[in-house]
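Secondary and tertiary structure notes
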Amino acid sequence: MLPYNINRDILFDRDNLKEIYLAGGCFWGVDAYMERVKGVYSTESGYANGHKSGEVTYKEVCTGRTGHTEAVFVKYDPKIIDLENLLKEFFSIIDPTTLNRQAADIGTQYRTGVYFTNDEDEEIVKKFIESIKDNYRSPIVTEVKSLENYCPAEEYHQKYLEKNPGGYCHIQF
């Protein structure tokens, strides 16, 4: 049976959802933006691909010593939006040519990245980036890697801009 998602008036096939992890600077804005994309079932802010295993805190990640990046765990219904179109949405809100920075947010925790959990997605992501690289004057530096680790951010970071509508965000909605 398909559940009804009241927020989007969409019937999602929860048995066939896919997942991808997107890092685009501060996760507050990426989370809020991706939640608005038709076909996205759910999002969660967290920390990805650091060298410290287990749970980490925002305070630890901000030191730059854990190697984590602020990322958003995105579950989506590929019958409604495929990965390539999801990537189009994501790349429309980031500067993929800037290393360790998005707008005023500076540090390795703000690097851009696409982290996948299956080899099929790796090929799609790499082909997508190849198809858009000529749209930029500088090389694309967005990481494309297998997800090594991930842990959810603290509760106060979840749906932050929904709870704090005047909060800082580098993304223009």
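Rules behind the numbers
- Residues numbered from 1 in each chain as written.
- Predicted model: local features only at pLDDT ≥ 70, side-chain atom pairs only at ≥ 80, totals over all residues.
- Heavy atoms only, no water.
- Core = buried A, V, L, I, M, F, W, Y, C linked by side-chain atoms within 4.5 Å.
- Buried < 20%, exposed > 50% of the residue type's maximum accessible area, 1.4 Å probe, protein only.
- Helix = DSSP H or I, 4+ residues; strand = E, 2+ residues; numbered from the N terminus.
- Contact = heavy atoms within 4.5 Å.
- Polar contact = N/O pair within 3.5 Å; in protein donor to acceptor, adjacent residues only side chain to side chain.

1. Notes on the nonpolar core
Grouped together as the largest cluster of nonpolar side chains are 39 residues, with contacts concentrated most on I20, L86 and F91. Looking at this core, the elements that each hand over two or more residues are β3 (18–24), α1 (27–35), β4 (40–48), β5 (69–76), α3 (83–91), β8 (112–116), α4 (119–132) and α5 (160–163). Take this core: its biggest share by element is six residues, from α1. With residues near it in sequence (within four places) discarded, L86 still touches I20, M34, V37, V40, V74, Y76 and I81. Counting seven residues, the second largest nonpolar core, distinct from the first, contains A23, A48, Y115 and Y150.

2. Structural notes on the side chain of Q102
Within the secondary structure, Q102 sits in strand β6 (residues 101–102). In this structure the side chain of Q102 is engaged in a polar contact, spanning 2.9 Å, whose partner is the backbone oxygen of D95. Once residues lying within four places of it in the same chain are set aside, the contact partners of Q102 are G24, G25, I94, D95, Y110, T112 and H170.

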